[in-house]
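Chain residues, written in single-letter form:
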Amino acid sequence: MYICCWYNRSMTMTRLYRYFFQCLIGLCMLVTAATAFAASSESIIIHRLDLSLEPAEQALVATDRMTLTDSTDRWPDRFNLSSRAEVKSVLVDRRPARFDFSHNILTLKDRPNQSAEITIRYRAVFNDTVPAQTVGIEDPSYGIEATITPQGAFLSRNANWAPAAAGYLDRFLISVDAPAGLIAVTNGSLEGIEHANKRTRTTWQSQTPQQGTTLAAGHYQVQRQSLGRIEVMTFLTADNTM
């Protein structure tokens with residue numbers, strides 16, 4: 001079991017990271033809901049998701065390779081995906097597939113067989129603005145669903161930044177490539193952080209079925225401590241480390 005928390009008090013990003021903190025605590029609560037999810041009759045899609053963050057353009061480039069956990073399940077013929085995305089290609093078992101993408105819905109013209117691997121490649125710009133004045137705003141998210149900046153990134157599950165299908169749960173193996181020092185945080189277990197060629201790659205894996213996921217990134221210093229079977233991780237910016 002992992003418990004994660006992070007905090008940043010910079011003048012430009014304080015409000016955004018306050019929401020990050022609240023969201024990540026909510027993500028960690030998914031661990032306690034594992035039994036309920038396991039009892040669900042919904043089919044499960046495994047996402048092997050490779051992301052590249054482009055903060056200068058407030059964009060991400062993504063490749064999502066999806067398989068079903070049960071070969072007797074049927075693939076959906078449509079997926080929800082943010083209208084901010086531009087779908088580059090859809091492959092079924094590495095072969096181009098016919099599709100239509102409009103109004104947040106990616107529709108496959110031909111339903112794949114159960115054992116097929118579906119690969120969706122897309123690029124999306126997320127540029128929600130953090131309001132300069134927040135007095136009187138009761139919504140803790142300040143209306144932000146997704147944003148990518150040089151200081152950090154926040155991708156809410158509600159932003160549909162990753163493909164999802166109604167009636168299906170998801171498990172994720174997420175690898176995030178970003179400019180040097182920009183570390184990604186999401187729910188699941190931290191598989192590794194690698195620094196090379198002025199880039200940083202963070203990998204997370206979740207075994208708990210869930211409906212979508214939220215992801216954040218920032219210039220964090222990572223600290224880990226084990227308490228029995230529980231591993232506590234903190235992600236702090238340099239001005240908040242002790």
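Since the model is a prediction, treat every value here as computed from it, not as a measurement. (Residues numbered from 1 in each chain as written. Predicted model: local features only at pLDDT ≥ 70, side-chain atom pairs only at ≥ 80, totals over all residues. Heavy atoms only, no water.)

## Things to note about the overall build of the chain
Working step 1: Within the chain one finds two helices and 18 strands.
Working step 2: The buried share among the 242 residues of the chain stands at 48%.
Working step 3: Accessible surface, the chain as shown: approximately 12200 Å² in total, 49% of it carbon and sulfur. (Helix = DSSP H or I, 4+ residues; strand = E, 2+ residues; numbered from the N terminus. Buried < 20%, exposed > 50% of the residue type's maximum accessible area, 1.4 Å probe, protein only. Areas by Shrake-Rupley, 256 points an atom, 1.4 Å probe, with all protein chains shown as cover.)

## Some words on the sheet that holds strand β8 (residues 105-108)
Working step 1: Taken together, the three strands give an open sheet; going across it, the order is β4-β8-β7, and neighbouring strands pair in antiparallel fashion. Only two strands of the sheet have a single neighbouring strand rather than two, namely β4 (78-80) and β7 (99-102). Taking the axes of each pair of neighbouring strands and ignoring which way they run, one obtains an average angle of 15 degrees across the sheet.
Working step 2: The pairing of β4 with β8 spans three bridges and is classified as antiparallel. Each bridged residue has a counterpart across the sheet, and for R78 the counterpart in β8 is T107. (Pairing = 2+ DSSP bridges. Axes fitted to C-alpha atoms, helices over the stretch in contact; angles between N-to-C directions.)

## Examining the confidence of the model for the chain
Working step 1: Mean pLDDT over the chain: 83, with 76% of residues reaching 70 or higher.
Working step 2: Overall, residues 6-13 carries pLDDT values under 50, and its contacts beyond four positions in sequence, including any with other chains, amount to 24 contacts.
Working step 3: Low confidence marks residues 17-39, where pLDDT is under 50. Its contacts with residues over four positions away, or in another chain, come to 44 contacts. (pLDDT = per-residue confidence, 0-100. Contact = heavy atoms within 4.5 Å.)

## What about the pattern of salt bridges?
Working step 1: For the coordinates displayed, the defined rule picks out 10 salt bridges.
Working step 2: A salt bridge links D77 to R78; the shortest N-O distance between them is 3.9 Å.
Working step 3: Of the residues examined, D77 reaches a relative accessible area of 30% and is grouped as partly exposed.
Working step 4: For R78, a relative accessible area of 46% translates into the label partly exposed.
Working step 5: A cluster of three or more residues bridged by salt bridges with shared partners is formed by E54, E57 and R123. (Salt bridge = Lys/Arg side-chain N within 4 Å of Asp/Glu carboxyl O.)

## Considerations on the environment of E57
Working step 1: Take E57: it is sitting in the loop between β2 (43-54) and β3 (59-68).
Working step 2: For E57, a relative accessible area of 48% puts it in the partly exposed group.
Working step 3: Residues E57 and T149, spaced 92 residues apart in sequence, show a C-alpha to C-alpha distance of 8.1 Å.
Working step 4: For E57, the residues in contact, after removing those within four places along its chain, are R123 and V125.

## Concerning unusual backbone geometry
Negative phi characterises most residues that are not glycine, and trans characterises most peptide bonds.
Working step 1: A positive phi is found at D93, a non-glycine position, where the angle reads about 50 degrees.
Working step 2: Here D93 shows up in the loop between β5 (85-92) and β6 (95-96).

## Brief notes about the sheet that holds strand β16 (residues 215-218)
Working step 1: Taken in spatial order, the four strands line up as β10-β11-β16-β13 in an open sheet, and their pairing is antiparallel. At either margin of the open sheet sits one strand with a lone partner, and together these are β10 (146-148) and β13 (183-185). Along the sheet, successive strands turn relative to each other by an average axial angle of 20 degrees, direction set aside.
Working step 2: As judged from the three bridges shared by β13 and β16, these two strands associate in the antiparallel manner. Bridge pairing in β16 places A184 opposite A217.

## A short note on the side chain of T200
Working step 1: Along the chain, T200 turns up in strand β15 (residues 199-205).
Working step 2: The class for T200 is buried, based on a relative accessible area of 0%.
Working step 3: From its side chain, T200 meets the backbone nitrogen of G181 in a polar contact 2.8 Å long.
Working step 4: For T200, the residues in contact, after removing those within four places along its chain, are V176, D177, A178, P179, A180, G181, L182, I183, I193, E194 and H195. (Polar contact = N/O pair within 3.5 Å; in protein donor to acceptor, adjacent residues only side chain to side chain.)

## Quick notes on the pairing of strand β18 (residues 230-236)
Working step 1: Most of β18 sits inside the fold, with five of its seven residues counted as buried.
Working step 2: The pairing of strand β17 (residues 221-227) with β18 spans seven bridges and is classified as antiparallel. The partner of S226 across the bridge, within β18, is E231.

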